[in-house]
Amino acid sequence: AVEDAACPGAGACGGQFTANTMATILEVIGLCPFGMASIPQPDDRKLDETKRIGLGQGRYCDLPARQYVADYLLPNLYFHITTTYAILRKLGAPLGKADFMTFLAPHVKSGNNS
């Protein structure tokens, strides 16, 4: 039904939307070195370029890179992270908010929080 319309054919969807999002996630959470799944040597001038987003079935939109990041990439990233979290919790994985906040460990103190 929805899957057939969004991702026709066998394997990953033709646009590799999920694959691209997951590659970005792997870099952001540190499971893949930065640059391994994206364009090497990021350059802020690229934020002024236009990014084409394939929407399947011959449809696409062109967005300025800054808008692409804010309006497409980050919401897509959040969607996949929260969906993965929900699936893992549903399957009984002992996963909680603290598992995503390990970066705070060096700053944790004991005592009065005022």
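Treat the numbers as computed from the prediction; the structure is a model and nothing was measured.

**Looking at the layout of surface pockets**
The volume enclosed by the second largest pocket comes to roughly 410 Å³. Listed by contribution, the elements that provide at least two residues to the lining of the second largest pocket are helix H2 (17-28) and helix H3 (65-90). When residues in the lining of the second largest pocket are grouped by element, the largest group, 5 residues, is from H3. Grouping the amino acids of the lining of the second largest pocket by side-chain chemistry returns 10 nonpolar, 3 polar and 1 charged.

**Overview of the environment of Ile-81**
With respect to the element layout, Ile-81 can be found in helix H3. Look at Ile-81 and you get partly exposed, because its relative accessible area is 33%. Sequence spacing of Ile-81 and Ile-25 is 56 residues, and the spatial spacing of their C-alpha atoms is 8.3 Å.

**Side note on unusual backbone geometry**
Here Gln-57, not a glycine, exhibits a phi torsion of approximately 50 degrees, which is positive. On the secondary structure map, Gln-57 appears in the loop between strand S1 (50-54) and strand S2 (60-64).

**Side note on the pairing of S2**
One ladder, built from 5 bridges, connects S1 with S2; its direction is antiparallel. Bridge pairing in S2 links Arg-52 to Asp-62. Between the end of S1 and the start of S2, which pair antiparallel, lie 5 residues, with Gly-56 showing a positive phi angle near 80 degrees.

**Some remarks on a nonpolar patch on the surface**
Residues Phe-100, Met-101, Phe-103, Leu-104 and Val-108 make up a contiguous nonpolar surface patch of roughly 490 Å² in combined accessible area. Among the secondary structure elements, Val-108 is positioned in the segment after H3.

Calculation criteria
- Residues numbered from 1 in each chain as written.
- Predicted model: local features only at pLDDT ≥ 70, side-chain atom pairs only at ≥ 80, totals over all residues.
- Heavy atoms only, no water.
- 1 Å grid on protein atoms, 1.4 Å probe; cavity = no way out; pocket = protein on both sides within 12 Å on 5 of 7 lines; lining within 4 Å.
- Points joined across faces, edges and corners; volume = space filled by probe spheres on them.
- Helix = DSSP H or I, 4+ residues; strand = E, 2+ residues; numbered from the N terminus.
- Nonpolar A, V, L, I, M, F, W, Y, C, P; charged D, E, K, R; others polar.
- Buried < 20%, exposed > 50% of the residue type's maximum accessible area, 1.4 Å probe, protein only.
- Pairing = 2+ DSSP bridges.
- Patch = residues over 30% accessible without salt bridge, like charges linked within 9 Å, V, L, I, M, F, W, Y side chains within 5 Å.
- Areas by Shrake-Rupley, 256 points an atom, 1.4 Å probe, with all protein chains shown as cover.
- Salt bridge = Lys/Arg side-chain N within 4 Å of Asp/Glu carboxyl O.

Any link to function would need more than the numbers given here.
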